Amino acid sequence: GTSNIFWVPLGNIFGRRPILIVSMIFLVLTSVWCGLAEGFPSLLAARAMQGFSSGPVYTFAPEITGDIFFHHERGRAMVAYTMCLAAGPFIAGVSGGYIAAALGYRWLFWISAILVSATLVLEVFIVPETLFDREHHLRLDDDDGNAASTGLKDDTTTKENIAEAYRPARPKW
């Protein structure tokens, strides 16, 4: 949880998608480190780094959900996210017990590395950047200072009004 003191400001500066990708790469590497750990101090350090690298996943998921879904759809999306989040420890505990008993505890980390790698591939191809500065791009599209086109008959809307209407919810630093 304390890793988000590091990850969230980076996500607000560079965007959520690149930070998620970097943290997932780090999570894959630390999962492999856990699988290769030869002693308890190495395993403990690897697990600490694994926890550090998984921080953005839990913080950015509700933010991305809030950015992608409309207001009337967010409740349903957050319920689905929260149900998966709540079911995870139960499913992982039961399946982890069977995996450790059948294959050994190291396979918990190898399976984790495989699942996180698959998630990383999906993240690269599916997850969009949701921290998009529309106002900046509206200014780039209309360098003349004219009103931005809205596609309506009455084109009295200024680009500042459009930018304000579509501004993503993010803190002003």
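Residues numbered from 1 in each chain as written. Predicted model: local features only at pLDDT ≥ 70, side-chain atom pairs only at ≥ 80, totals over all residues. Heavy atoms only, no water.

**Description of helix 4 (residues 55-68)**
Consideration 1: Taking 1.5 Å per residue, 14 residues should reach 20 Å; helix 4 reaches 20 Å between its end C-alpha atoms and fits that length.
Consideration 2: Helix geometry: helix 4 is bent most strongly at Ala61, by close to 30°, with proline Pro62 lying one to four residues after it.
Consideration 3: For helix 4, the complete set of buried residues consists of Gly55, Pro56, Phe60, Ala61, Ile64, Thr65 and Gly66.
Consideration 4: Of the surrounding secondary structure, the elements contacted by the buried residues of helix 4 are helix 1 (4-14), helix 2 (16-36), helix 3 (40-53) and helix 5 (71-103). (Helix = DSSP H or I, 4+ residues; strand = E, 2+ residues; numbered from the N terminus. Expected span 1.5 Å × (residues − 1). Bend = angle between axes of the 7 residues up to and from the residue. Buried < 20%, exposed > 50% of the residue type's maximum accessible area, 1.4 Å probe, protein only. Contact = heavy atoms within 4.5 Å.)

**Some remarks on the layout of surface pockets**
Consideration 1: For the largest pocket, the calculated volume is near 1500 Å³.
Consideration 2: Forming the boundary of the largest pocket are 38 residues, of which Met24, Val57, Tyr58, Val116 and Thr119 lie nearest the centre.
Consideration 3: Sorting the residues of the lining of the largest pocket by element identifies helix 2, helix 3, helix 4, helix 5 and helix 6 (106-126) as the ones contributing at least two each.
Consideration 4: Residue classes in the lining of the largest pocket are distributed as 26 nonpolar, 10 polar and 2 charged. (1 Å grid on protein atoms, 1.4 Å probe; cavity = no way out; pocket = protein on both sides within 12 Å on 5 of 7 lines; lining within 4 Å. Points joined across faces, edges and corners; volume = space filled by probe spheres on them. Nonpolar A, V, L, I, M, F, W, Y, C, P; charged D, E, K, R; others polar.)

**Focus: the pattern of salt bridges**
Consideration 1: Following the criterion strictly, the structure yields 2 salt bridges and no others.
Consideration 2: With its nearest N and O atoms 2.9 Å apart, the salt bridge here joins Arg16 to Glu63. Of the two residues, Arg16 is situated in helix 2 and Glu63 in helix 4; the sequence distance between them amounts to 47 residues.
Consideration 3: Looking at Arg16, the relative accessible area reads 3%, which means it is buried.
Consideration 4: Put simply, Asp67 and Arg16 hold a salt bridge, and the shortest N to O gap is 2.2 Å. Of this pair, Asp67 sits in helix 4 while Arg16 sits in helix 2, and the two are 51 residues apart along the sequence.
Consideration 5: Look at Asp67 and you get partly exposed, because its relative accessible area is 27%.
Consideration 6: Beyond isolated ion pairs, a larger network of salt bridges with shared partners links Arg16, Glu63 and Asp67. (Salt bridge = Lys/Arg side-chain N within 4 Å of Asp/Glu carboxyl O.)

**Regarding the environment of Thr30**
Consideration 1: Looking at the element boundaries, Thr30 is found in helix 2.
Consideration 2: The class of Thr30 is buried, set by a relative accessible area of 2%.
Consideration 3: Through-space distance from the C-alpha of Thr30 to that of Ala48 is 9.1 Å; in sequence the pair is 18 residues apart.
Consideration 4: For Thr30, the contacting residues outside a window of four places in its chain are Ala46, Met49, Gln50 and Ser53.

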